[in-house]
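For reference, the chains in residue letters:
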Amino acid sequence: QCLRRLSNYVHMAPLRCYVPGGTPVLIDIEDIRNLFNGTTTNINGSYYIQGVVTSDRTTSNINSRNIFIQDNTGAICVRFAANHSFNLGDSLYINVSGQRLGEFSNLLQIGTSTPNVAIGAVTILATGKSVSPRIATVAQILAEMACNDSCESSLVKIQKATITSSTGS
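Here's a quick rundown of the structure. Because the structure is a prediction, the values reported are computed rather than measured.

## Things to note about a nonpolar patch on the surface
Right, on to step 1. On the surface, a nonpolar cluster with roughly 270 Å² of combined accessible area is contributed by Val138, Leu142 and Ile158.
Right, on to step 2. Assignment of secondary structure puts Ile158 in strand 11 (residues 156–159).
Right, on to step 3. Exposure remark for Ile158: the relative accessible area of 45% places this residue in the partly exposed category.

Rendered as structure tokens:
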């Protein structure tokens, strides 16, 4: 919705105004996540997200076509059409105009089906940035995940937890 008169301000959805085919406007990751309706959803409009990469491709613990990106409202997985070279701490601008939101193994992601997000849709704004992790206990995370996906894809530091292994690995 676009603001046409002051009385409309109270009823506006969180999405910003856009001109189809025009210059993309910033949309918070939380607002992108809220577009998902339970099935593959088109991102109708000209939008970009901006955030910091919180996944580390150099450890090979994530698919080489995926990243996790986080802003001050939330986080999400982005699936690219090819292997990427974005690093932990890169601040990115990602044009998500016309992309799709969907779940893969119950993980919400942008670029869920062909075409995935093109590498050329990304601009690196800065490097070496950091995101303060959300501090939580295992019980808090489990309780939140049962009710909503507010911590999905987010950087979290777990307190008061012990990792044990009976196999030694």
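## Description of the pairing of strand 3 (residues 47–53)
Right, on to step 1. Counting buried positions along strand 3 gives six out of seven residues, so the element sits mostly inside the fold.
Right, on to step 2. Judged from the five bridges that link them, strand 3 and strand 6 (residues 91–95) form a sheet pairing that is antiparallel. The partner of Ile49 across the bridge, within strand 6, is Ile94.
Right, on to step 3. Of the strand pairs in this sheet, strand 3 and strand 4 (residues 66–70) are connected by two bridges, and their pairing is antiparallel. Counterpart to Val52 in the pairing with strand 4 is Gln70.

## Some points on the packing of aromatic side chains
Right, on to step 1. The final tally for this structure, using the stated rule, is two aromatic pairs.
Right, on to step 2. With a centroid separation of 4.2 Å and an interplanar angle of 25°, the aromatic rings of Tyr48 and Tyr93 are classed as stacked. Of this pair, Tyr48 sits in strand 3 while Tyr93 sits in strand 6, and the two are 45 residues apart along the sequence.
Right, on to step 3. Owing to a relative accessible area of 16%, Tyr48 belongs among the buried residues under this scheme.
Right, on to step 4. Look at Phe80 and Phe86: their rings are 5.5 Å apart centre to centre, the planes differ by 50°, and that puts the pair in the tilted class. The same class applies to Phe80 as to Phe86, namely buried.

## Examining the nonpolar core
Right, on to step 1. Counting 23 residues, the largest nonpolar core has Ile49, Ile76, Val78, Ile94 and Ile110 as the members making the most contacts within it.
Right, on to step 2. Element by element, the count of residues in this core is highest for strand 3, at three residues.
Right, on to step 3. Apart from residues no more than four positions distant in its own chain, Ile110 is found in contact with Ile32, Ile43, Ile49, Ile76, Cys77, Val78, Arg79, Val96, Gln99, Arg100, Leu101 and Val117.

## Overview of the side chain of His84
Right, on to step 1. Summarising the element assignment, His84 is placed in the loop between strand 5 (75–79) and strand 6.
Right, on to step 2. Relative accessible area serves as the criterion here: at 9%, His84 is assigned to the buried category.
Right, on to step 3. Residue contacts for His84: discarding those within four places in its chain leaves Arg57, Ser64, Arg65, Asn66, Ile67 and Ile119.

Cut-off values and rules
Residues numbered from 1 in each chain as written. Predicted model: local features only at pLDDT ≥ 70, side-chain atom pairs only at ≥ 80, totals over all residues. Heavy atoms only, no water. Patch = residues over 30% accessible without salt bridge, like charges linked within 9 Å, V, L, I, M, F, W, Y side chains within 5 Å. Areas by Shrake-Rupley, 256 points an atom, 1.4 Å probe, with all protein chains shown as cover. Salt bridge = Lys/Arg side-chain N within 4 Å of Asp/Glu carboxyl O. Helix = DSSP H or I, 4+ residues; strand = E, 2+ residues; numbered from the N terminus. Buried < 20%, exposed > 50% of the residue type's maximum accessible area, 1.4 Å probe, protein only. Pairing = 2+ DSSP bridges. Phe/Tyr/Trp six-rings, centres within 6.5 Å; stacked < 30°, edge-to-face > 60°. Core = buried A, V, L, I, M, F, W, Y, C linked by side-chain atoms within 4.5 Å. Contact = heavy atoms within 4.5 Å.

Any link to function would need more than the numbers given here.
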